[in-house]
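Here are the chains, one letter per residue:
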Amino acid sequence: MLKHRRSRLKPFFEEHRLDAILITNLANIRYLCGFSGSDGVLLLAREEAWFLCDSRYTTQAADEVRGAEVREYSAKYEAICSLISDKKIRRFGFEATHMLVSDFRQLSERLAGCELVGLGAALDSIRSCKDKHEIEALGRVAALASASLGAVLASLAPGIRESDIALELEIEIRRRGADARAFDFIVASGERGAMPHGKASDKVLRTGELVTIDFGAVKDGYHSDETVTVAVGRPSARGREIHDIVRQAHDRAVAAVRPGISCRDLDAVARDYIREQGYDSYFGHGLGHGVGLEIHEKPVVSPRGDAVVEEGMVFTIEPGIYVPGFGGVRIEDTVAVTADGCVILTQAPKDLILS
Ligand code: ZN
Ligand code: ZN
């Protein structure tokens, strides 16, 4: 499994004529060697690999790390630099979209004879296509989160605070075995629904309002991401209209997912429909994003998404309409691309009215 994952780095070694690649992004470290802690670096040469960590993680690393020699350091960048010098590495790549400028300076000052090659966001695309085990893990965490929402929605009523819904949902997710919430939940009711990322506040729900709930869980490193918009009591005609449009846009995009379509064209399926209904200026964000070891990862599904959809990719489909002064609707599912379409991993019903 790790061999297959690491083989995805081969084009970077070839294209940039690298002796090694220094991995500092923890999600990529976990993906490439199995370490799940919160500090450490992985140095991958063409035939060898080393994982470096401090004494807090030596035991954990010995247990988790595969396919790399574990070394303990007391000073991180000194250790990295002396390893690079010892191994006569002359030219190595680093994750230019993750490394701090101060860390880069340490490396380049200490390794004056070395060439450091910044590898851009393309390196994160190595995680875009998930293997069978990853899709199973993503399916499990999505099911757990969706079921948790089902348990919480029953208590949704006028007078309840947004923040209490977020709290109850987090408790339910943890109770059902998740390691953590995937992000600060969005619970945005009434006019606050016009904020696509309106974090749960102290506002109480009122009859007739729409409530957008965007939530997810993390288990075994994998995330889930899902949004429902529900009505508290009877929704207004306008609320129903907007929900219908977003639902249609969502359903059309889900139906269009298949290998070979570009992420840009997939975005357009939903965006064009919303435009035809006259709401395009109220849908500012992209249609979706990859989900995996990070909550937001490759591919980007937006008008600027130049990736092509491939079997094994897992990403969200999340169109929305946000009308200032009125409120908003977003409907989000996470899908896994199959040979001829997709399966929807997230399971909460996307109906507006609770029954
Ligand atoms: Zn979301
Ligand atoms: Zn999302």
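Starting afresh in each chain, residues are numbered from 1 along the sequence in its written order. Written order decides the labels, with chains lettered from A and ligands numbered from 1. Local features in a predicted model are, by the rule used here, given only for residues with pLDDT of at least 70; side-chain atom pairs are given and counted only at 80 or more, and totals for whole chains, interfaces and linings are based on all residues. Side-chain figures throughout are based on the complete set of non-hydrogen atoms in the structure, without hydrogens or water.

K.L.:
Can you explain the coordination of the zinc ion (ligand 1)? Please cite residues and give values.
P.N.:
Donor selection uses N, O and S atoms within 2.8 Å of the metal (3.2 Å for Na, K and Ca). Since no water is included, sites may look incomplete. On the protein side, the zinc ion (ligand 1) has Asp214 (OD), Asp214 (OD), Asp225 (OD) and Glu332 (OE) as donor atoms, found 2.0 to 2.5 Å from it. Between the four donor atoms coordinating the zinc ion (ligand 1), the angles at the centre fall across 56 to 151 degrees, so the site counts as irregular. Every donor residue of the zinc ion (ligand 1) comes from the same chain, spaced as D-x10-D-x106-E. A separation of 3.1 Å is found between the zinc ion (ligand 1) and the zinc ion (ligand 2), which share Asp225 as a coordinating residue. On the criterion of sequence distance, the pair formed by Asp214 in strand β9 (residues 210-215) and Asp225 in the loop between β11 (222-223) and β12 (226-231) is long-range, its members being 11 residues apart. Each member of the pair, Asp214 as well as Asp225, carries the same accessibility label: buried. All geometry calls rest on donor angles, where a four-donor set with angles between 85 and 135 degrees is tetrahedral, four- and six-donor sets with opposite donors more than 155 degrees apart and all others between 65 and 115 are square planar and octahedral, and all else is irregular. The helix count covers DSSP runs of H or I at least four residues long, the strand count covers runs of E at least two residues long, and both are numbered beginning at the N terminus. Each residue is placed in one exposure class: buried if its accessible area under a 1.4 Å probe, protein chains only, is under 20% of its type's maximum, exposed if it is over 50%, and partly exposed if it falls in between.

K.L.:
Explain the packing of helix α5 (residues 76-86) against helix α6 (residues 101-110) to me, using residue names and the numbers behind them.
P.N.:
As a packed pair, α5 and α6 sit with axes 10 Å apart at the nearest point and diverge in direction by 40 degrees. Taken as axis vectors, α5 and α6 run oblique relative to one another. α6 is crossed by α5, and the crossing has right-handed handedness. Touching Tyr77, Glu78, Ile80 and Cys81 of α5 are Asp103, Gln106, Leu107 and Arg110, all from α6. Looking at the contact of α5 with α6 residue by residue, the class counts come to four nonpolar, one polar and three charged. Whenever a helix is involved, its axis is fitted only over the stretch in contact; in every case the axis is a line through C-alpha atoms, and angles between N-to-C directions fall within 0 to 180 degrees. Working rule for angles: under 35 degrees goes down as roughly parallel, over 145 as roughly antiparallel, 65 to 115 as roughly perpendicular, anything else as oblique. Two helices that cross are described as forming a left-handed crossing if the nearer one is turned anticlockwise from the farther one by less than a right angle, and a right-handed crossing if clockwise. When checking whether two residues touch, look at their non-hydrogen atoms; a contact exists if any pair is within 4.5 Å. Side-chain classes follow a simple rule in which Ala, Val, Leu, Ile, Met, Phe, Trp, Tyr, Cys and Pro form the nonpolar group, Asp, Glu, Lys and Arg form the charged group, and the remainder, Gly included, forms the polar group.

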